Amino acid sequence: MTTTDKYNVEAAELLANEALHLPISEAVPVYEQLLATFPTAAKYWKQYVEAHMAVNNDDAVKHIFSRCLLNCLHIPLWRCYIRFIRKVNDKKGIEGQEETRKAFDFMLNYVGADIASGPVWMEYTAFLKSLPMMLQTQNLAEETQRMTSVRKAYQKAIITPTHHIEQLWREYENFENSVSRALAKGLLSEYQPKYNSARAVYRERKKFADEIDWNMLAVPPSGTSKEEMQWIAWKRFLAFEKGNPQRIDSASANKRIAFTYEQCLMYLYHYPDIWYDYAMWHAKSGSVDSAIKIFQRALKALPDSEMLKYAYAELEESRGSIQASKKVYESLLGDDGNATALSHIQFIRFLRRTEGVEAARKYFMDARKSPNCTYHVYVAYAMMAFCLDKDAKFAHNVFEAGLKRFMHEPSYILEYADFLSRLNDDRNIRALFERALSSLPPEESVEIWKRFTQFEQTYGDLSSILKVEQRRKEALSRAGDEGESALNSSLQDVISRYSFMDLWPCSSKDMDHLTRQEWLSKNITKKIEKPTPANGVSSVDKRSSAVSTTSNSVKVVYPDTSKMVVYDPRQKIGLTGPLQPGVAVALPPNDTMGAAGAPNVLKDILKTLPPALATFVANLPAVEGPSPDVDFVLAICLQSNIPLMPVRTANSTKLQTGPAPSTSDLSGSSKFKPTRDRHAGKRKDVDKQDDEDSTTVQSQPLPRDAFKLRQLRKARGASSQTGSASYGSAFSGEMSGSTG
Amino acid sequence: MLRGVSTAAFLESNRHAGYDSIAAPRAALDFSAMLDTKGSSKSFPKHETRHVSEHKNVARCARFSPDGRFLATGSVDTSIKLFEISKIKQMMLRDAGDGPVRPIIGTFYDHVQPINDLDFHPQNTVLVSGAKDHTIKFFDFSKTAAKKAFRVIQDTHIVRSVSFHPSGEFLLAGTDHPVAHLYDVNTFQCYLSANIQDIGLNGAINQVRYSSTGGMYVTASKDGAIRLWDGISANCGRTIIGAHGAAEATSADLTKDEKYVLSCGKDSTVKLWEVGTGRLVKQYLGATHTQLRCQAVFNDTEEFILSIDEATNEIVVWDALTAEKVARWPSNHVGAPQWLEHSPTEAAFASCGADRSIRFWKEIL
């Protein structure tokens, strides 16, 4: 069974459905199999335990609960637990009730912070209230105690942001009032603000919780967008809880955060990052022990995650528990056979840190014999000896010993050469290069040659530099298909010889030219298979850029507006001929704004206008052809009706004239640009309604509906001040050039 | 004009909430390789559908954002609704119970007459709408509070269709005017093709769509013609007169490779034309649409074509290559849907109609 099969969600759901119809004895192995794969699937645990409860198999039920409850902080499952406890303790009198109360406390301690825990709190308070009645004891002390416990439960419930917080608050009010009106007032007014803030937090919290799919099964990340969305949703939720939005004391806040993490891990059980974050959060908030426990659980969940093991070992080591840390490292090494080179290296380093040089040396000697010991281990150990122990001779010996084994590894040669150059041992470096080059095939020695020429540039004289470069070309031309052209010395070689760090003996433009020329010359001999890419990128580059997803990478064709005719309705008002010689812009005769439609509309509007304005509009010249939208012009006229304004601050007088003419620009061109800034800036101080009205006035044609018209006029009269203030900011927005 | 510089001026301020990098389109179908093969049809995966929201009057158009994350719908009630697809999916996911999810992230009321078409800016969080009130309005949907347009283009005609140039710097408007209006989004300057052949009286443009590179655009007009225009010069490169007989051509769009045009008309046909030759390549028959502005659309992989049968109130799906019908699903709308729009990035589409409702469809996974 492969991993993908194992975590097949659909198959699991089918299986779970089947199990529903099986007799309990046959269903048990099915459930066990399901839950082995999905150990945090609360819904399956619930189904499993309910199957047992149906046949009153109490011992099995208890056993299952003990296995799942603490890992599955899932309200329905826990409610199932409470039902069970209540059922079991139903007939046991006082003892039973005490048990039940304990179970409630236990439950609420674990899942009382859940957003869906409201009904549990209600059930709990109802249970507490019912207690003495069953006991038939009415003595005063017990009555007081009962009240206190109910009150305590309520007071906890109403500061927990749950779906039922409002209902709980009402219940609590009723409860206090039923106990003592006098006392209630003080208590309620004390708790009201706490409740209010919890309720506010609930509203926020709900948004985050709504993003989460509470039915998801925990499967290893496979990169689907749904998984990513869930991951993001959980991250957001966690960030929200970490912000302690309710400003509760840090202990309670931490409890809530831990609870959210635990819930998150039910669903993102296979996500090492969540485990790590959780553990590190614990460590950061001071409880390293908890962090250690989380790591231990994480390694149970993800036994193959090396990252988590290193993280765990690091934490153990940093708090001084060397033995625990060593155990983790040893688990990383596994059986001798399959220890990776990296785990050897990290273990050697760990030993060097914690147990000293000798232990590290001893382990290296063992590790050498391991079949998985690569050259990396030699390099790491030699460098450790050289850098930490300052033992150059010993390090040299290690490298030399390794060379016998790893002569064929170019990377090893390069590391060795690096080491030698630190010793300034140019004789040995040269010898090393020669040895390596004589044994390595040319296609693997490219890097070595490169380093050799660099080395000669630093250590050698001009003739040795040139000699090595020539040899390099000869060797490599045999290997690659670059042909004889590569053999000839080119200007590029000069550039590479005479550049230093980021200093170049030529401009980047020169480089571009050279590269392009080189590319061209390479293609001179080749048959032209396809058109040359315009910008000289190789076909590989071109392909990769086409794959990259931004729209910029796709070649976009732009319109050439110089080949077109400018179409400007304003110029056509007094239409005498085509806009440009020889070009007639065809206009359909069925233009709806033609002479036939306009007058009727105009008459309607004239009736609704103030007389002065009506005269003005009536006197407007007749328009032929494409005409401005009459509604639109009227809207502008209406809005710039200055004399109607009753109050005029200095500010508004100054600014009134600003925007009004600008909106009369019928093509709706750049004058509309600054509106964005205006929206952003004023929202705080200007009432929203006014804001929208003023926008209506500015950019919308006048509504034909008489009711709206009246509203508009009212708004203009009443809120002219805010209206003009908003123009003010619009204006300033324009001045600042909407740099945003 | 100074490109790049002027881009900075327009909409640059909205950048803060631009789209995530647009997902690589799924491999599009290569018709040229397989056009004449008569293979067996692929099967169109089953979809689930859900009523997502409702307008106060007939819902007329819908559009997905290029990254497939948003859906906008426009209505006769002059409002535009903006949905977040992930929230719609959540809503479908949790229909079982739990709290309600509101997939609407914005509603825009700024037009005074019915909305005819919508388009998203290719990079920024800007939505444009064309309406019967002769205006094109720009909405910034990164601001959830803003309900009004932040820029307005006043056109001379009823705006029936809008389409952004892939750079986002130009906007095409198809209006009652027989020539598409090209707007420079930075200056709002309007340009027209300098060479217009005689287009008859009934040339109002029902739909205009840019190709993926902006190299050309296609218009579908009331006179039944499909016209292809050069993206650079705006000259009409090819006219397919009577593409849908005397009936109106109601929709036209180009394939991603710019080689084919898919058109739909009131003659109850959906047709695929080759751009290079103007020849009719495929016909997709069997859906009646004679009344509404019927849309024929490709799915995200261009393997299938979706349209509407008005008579039976069904969504019809053809295999694009074999032209065989592969699915007929009841639309679940009351009365035939007015519009169909497929997501550019995944197996999901939206329908909306005279019953005022918006339905979202997605493949059952």
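- An unreviewed UniProt entry lists chain B under the name Cleavage stimulation factor 50 kDa subunit, from Coffea arabica.
- Recorded in UniProt for chain B, the comment headed Subcellular location (unreviewed entry) runs: "Nucleus".

- Looking at an unreviewed UniProt entry, one finds chain A named Cleavage stimulation factor subunit 77 isoform X1, with Coffea arabica as its source organism.
- Looking at the Subcellular location (unreviewed entry) heading of the UniProt record, one finds this comment for chain A: "Nucleus".

## Let's talk about helix H15 (residues 288-301) of chain A
All names here are of chain A.
Here's step 1: A rise of 1.5 Å per residue sets the reference length of H15, with its 14 residues, at 20 Å; its end C-alpha atoms lie 20 Å apart and thus fit the reference within 8%.
Here's step 2: Taken residue by residue, H15 has Ala291, Ile292, Ile294, Phe295, Ala298, Leu299 and Ala301 as its buried positions.
Here's step 3: Residues of H15 that are buried sit in contact with helix H13 (250-267), helix H14 (272-284) and helix H16 (306-318).

## A word on the packing of aromatic side chains
All names here are of chain A.
Here's step 1: Under the definition given, this model contains 64 aromatic pairs over all chains.
Here's step 2: Both rings, one in tyrosine 269 and one in tryptophan 275, keep their centres 6.0 Å apart while their planes meet at 65 degrees; by these two values the pair is edge-to-face. Like tryptophan 275, tyrosine 269 is buried.
Here's step 3: Over the ring of tyrosine 191 we find lysine 194, and its NZ or CZ is 4.5 Å from the ring centre.

## What about the pattern of salt bridges?
Residues and elements named next belong to chain A.
Here's step 1: Summed over all chains, the structure comprises 45 salt bridges over all chains.
Here's step 2: With a shortest N-O distance of 3.0 Å, arginine 146 and glutamate 143 are connected by a salt bridge. Here the residue arginine 146 and the residue glutamate 143 both occupy positions in helix H9 (residues 140-157), the gap between them amounting to three residues, near one helical turn.
Here's step 3: Residue classification places arginine 146 among the buried residues on the basis of a relative accessible area of 17%.
Here's step 4: Judged by its relative accessible area of 22%, glutamate 143 falls in the partly exposed class.

## Structural notes on the UniProt feature "repeat: WD" (unreviewed entry) in chain B
Here's step 1: Mapped onto this numbering, the UniProt entry gives "repeat: WD" (unreviewed entry) at residues 52-93, 108-149, 198-230 and 250-283 of chain B.
Here's step 2: End-to-end, the C-alpha atoms of residues 250-283 of chain B are 15 Å apart, and along that stretch the chain is 0% helix and 59% strand.

Definitions and cut-offs
Residues numbered from 1 in each chain as written. Chains lettered and ligands numbered in written order. Predicted model: local features only at pLDDT ≥ 70, side-chain atom pairs only at ≥ 80, totals over all residues. Heavy atoms only, no water. UniProt positions renumbered as here; feature names shortened; annotations may be inferred. Helix = DSSP H or I, 4+ residues; strand = E, 2+ residues; numbered from the N terminus. Expected span 1.5 Å × (residues − 1). Buried < 20%, exposed > 50% of the residue type's maximum accessible area, 1.4 Å probe, protein only. Contact = heavy atoms within 4.5 Å. Phe/Tyr/Trp six-rings, centres within 6.5 Å; stacked < 30°, edge-to-face > 60°. Lys NZ or Arg CZ within 6 Å of the ring centre and 35° of its normal. Salt bridge = Lys/Arg side-chain N within 4 Å of Asp/Glu carboxyl O.

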